[in-house]
Structure formats: structure tokens, C-alpha cells
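Chain and residue survey
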Amino acid sequence: MKKFCLLAIVIFVQVATIVAQEPTSQYKEKEVFRSEDVIFRQIDAHTWVGNGHLIANESLYLIEGNERAILIDAGKKIADLDKIVASITDKPVTLVATHVHSDHTGEPIHYFPVIYLNAADTVNVPGTMPNYKGEIRYLKDGEMIDLGGRRIEVVFTPGHTPGSTTFIDKEKGYGFSGDAFGSGNLLLGTDFSTLLATCEKMEGLMKKYKLTHLYPGHYMGTNIETPKRISDMRQMSIDMLAGKVKGEKTERGMMGLDHVLNMHGVRINYGEKQLK
Ligand SMILES: [Zn+2]
Ligand SMILES: [Zn+2]
């Protein structure tokens with residue numbers, strides 16, 4: 001009995017810790033599709049977000065133009081994802097990835113004959129998508145994806161991974177940033193110099209295009225990325241590189257990262273060797 005109680009307490013503490021780390025999910029968008037694996041909600045007339053429930057509400061975005069559509073990321077495990085998106089849009093759908101991690105380029109990529117990604121994330125391909133039988137094509141920094149009456153700009157935003165990419169809809173005033181920005185905790189898979197350069201670049205673009213927010217790779221309904229947070233992260237990177245601020249040592253967590261810098265409501269998880 002004692003053993004059982006102890007086990008129950010351990011499980012409770014673990015679950016409580018996971019829940020505490022994630023912002024509460026609170027969606028205002030209208031639900032348009034639900035299966036066991038995913039819920040799609042409508043952001044606006046031609047834009048939808050899908051949320052899985054395996055890794056912190058892993059998110060995929062369906063962006064439709066007059067002629068075609070892109071699906072940004074494919075989640076971790078969603079049966080018949082190709083059929084699901086075809087039930088939402090009647091336009092042909094091309095799969096593009098914000099980065100190569102199993103919660104974004106997971107099993108459902110197999111439903112798509114081609115995937116577009118940033119070549120810098122090829123380093124993650126053997127470990128993450130070793131059995132992909134389709135064709136891998138590469139995105140170009142600054143290229144425009146023309147969907148017919150709607151243009152999406154590809155912006156390389158390395159930091160979380162070497163090939164992390166953000167997709168921007170200038171007209172609408174928003175973008176889709178994967179895990180590069182806005183997922184509550186930034187897991188720094190590269191280093192602070194890379195993050196600084198990316199924050200500089202994105203801060204400039206958000207100003208120039210008057211973007212109000214970025215939808216992240218783990219959208220909970222409340223955690224969109226803002227220009228203010230990106231300038232905070234830029235400053236944190238500068239101060240970190242100058243030795244003006246110090247993070248705390250933590251247990252080895254996701255991606256083997258064992259330090260966290262927690263300021264301005266932003267958490268950047270990093271490892272000792274990334275202090276450059
Ligand atoms: Zn990731
Ligand atoms: Zn992710």
C-alpha cells in the first residue's frame with residue numbers, strides 16, 4: 001500500500017510538472033475538424049491551425065491562396081493527414097517545414113510526395129525522418145511562395161535548429177515561426193550569436209512589414225510571439241554574450257540542454273558550449 005501511494009505521488013508530481021510548464025491552452029478560433037489525433041481551428045477565412053496532443057499541442061498550419069495551399073509542418077502522428085487537409089481546402093497542398101524535429105516532420109510526412117525544408121536542417125534528417133520515401137526539396141531564404149493572390153515569404157531564422165524557418169504573410173501582418181519563436185521556452189540548439197543574428201533579422205522584418213505577431217510551433221491559443229518579446233530576446237542574447245547576465249544550471253532537459261536564462265517572461269534553454 002505504501003509503495004502504491006509513493007508511486008501515485010511520483011506520478012502526480014510528474015504530471016503536475018508537465019502541466020505547469022505548458023501555458024494553458026485556450027483557443028478562441030472556431031473548431032472545424034476533429035479526429036483522435038488532431039483538432040483544426042480556423043484562424044481566418046483561408047488560414048487554419050491544427051493541433052496534435054502528443055508534444056505540447058504540436059501545431060501545423062494550412063495556408064490557402066486562390067490556386068494552391070501550403071501545409072506548414074505535419075505534426076508527430078496524425079492518421080490520414082492528407083485526407084484531412086483535403087477536407088478543409090480544395091486546393092492542391094504542398095508540405096513545407098519550419099524545421100526537422102519529430103513533432104513537426106513526424107510520421108504524417110509520408111502522406112506527402114514532396115517536402116520542402118531548409119538545407120541547414122539536413123543534419124537532423126537521418127535521425128528524424130530516415131524512412132521518408134518522397135523527395136526532399138530545399139527552401140531559399142527570402143523566396144516568395146505564390147499561392148495565387150497570397151504570397152508567403154520564406155525567412156531563415158536559425159537558433160532552435162540550424163535550419164529553423166519562419167513563413168511570413170506580409171499582407172495579413174503575421175507569420176508562422178515553428179519553434180524559432182514563441183513556443184514558451186526557446187530551446188537553443190545552436191548558440192547565442194546565431195540567436196542574436198536571427199532576432200536582429202526578425203525584429204527588422206516585423207517593423208518593416210508591420211507584423212503584429214507570429215504563430216508558434218506549439219500554439220496554445222495564448223502564446224503568440226510579439227515584436228516586444230523578440231527585442232527582449234535580442235537584448236538577452238547581447239547581455240549573455242557580454243557576460244552581463246547569467247543563466248541557471250538545470251537538470252538535463254530536452255535536446256540535452258542544462259541551463260536556462262529566464263528574463264522578461266522569456267525562457268531560453270541552452271547548454272554551456274552555446275555561450276558563444
Ligand atoms: Zn523543434
Ligand atoms: Zn516543436
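Figured I'd write up the structure that's included with this text.

How each quantity is defined
Residues numbered from 1 in each chain as written. Chains lettered and ligands numbered in written order. Predicted model: local features only at pLDDT ≥ 70, side-chain atom pairs only at ≥ 80, totals over all residues. Heavy atoms only, no water. Helix = DSSP H or I, 4+ residues; strand = E, 2+ residues; numbered from the N terminus. Buried < 20%, exposed > 50% of the residue type's maximum accessible area, 1.4 Å probe, protein only. Lys, Arg positive; Asp, Glu negative; His and termini not counted. Salt bridge = Lys/Arg side-chain N within 4 Å of Asp/Glu carboxyl O. Polar contact = N/O pair within 3.5 Å; in protein donor to acceptor, adjacent residues only side chain to side chain. Contact = heavy atoms within 4.5 Å. Expected span 1.5 Å × (residues − 1).

This paragraph deals with the side chain of Glu64. Along the chain, Glu64 falls in strand β4 (residues 59-64). Buried Glu64, no salt bridge; nearest opposite-charge side chain is Lys91, N-O distance 4.3 Å. A polar atom in the side chain of Glu64 sits 2.6 Å from the side chain of His46. A polar contact is formed between the side chain of Glu64 and the side chain of Thr89, at a distance of 2.6 Å. Excluding anything up to four places from it in sequence, Glu64 contacts His46, Trp48, Ala69, Thr89, Asp90, Lys91, Leu147 and Arg150.

Taking 1.5 Å of rise per residue, the 17 residues of helix α4 (residues 192-208) would be expected to cover 24 Å, and the 24 Å separating its terminal C-alpha atoms lies within 8% of that figure. Looking at α4, one finds that the buried residues are Phe192, Leu195, Leu196, Thr198, Cys199, Met202, Leu205 and Met206. The secondary structure elements touched by the buried residues of α4 are β10 (151-156), β11 (165-169), β13 (185-187), β14 (213-216), α5 (227-241) and β17 (266-270). At the N-terminal boundary of α4, the capping side chain belongs to Asp191, with an oxygen 3.3 Å from the backbone nitrogen of Ser193. Lys210 lies just past α4 and shows a positive phi near 55 degrees.

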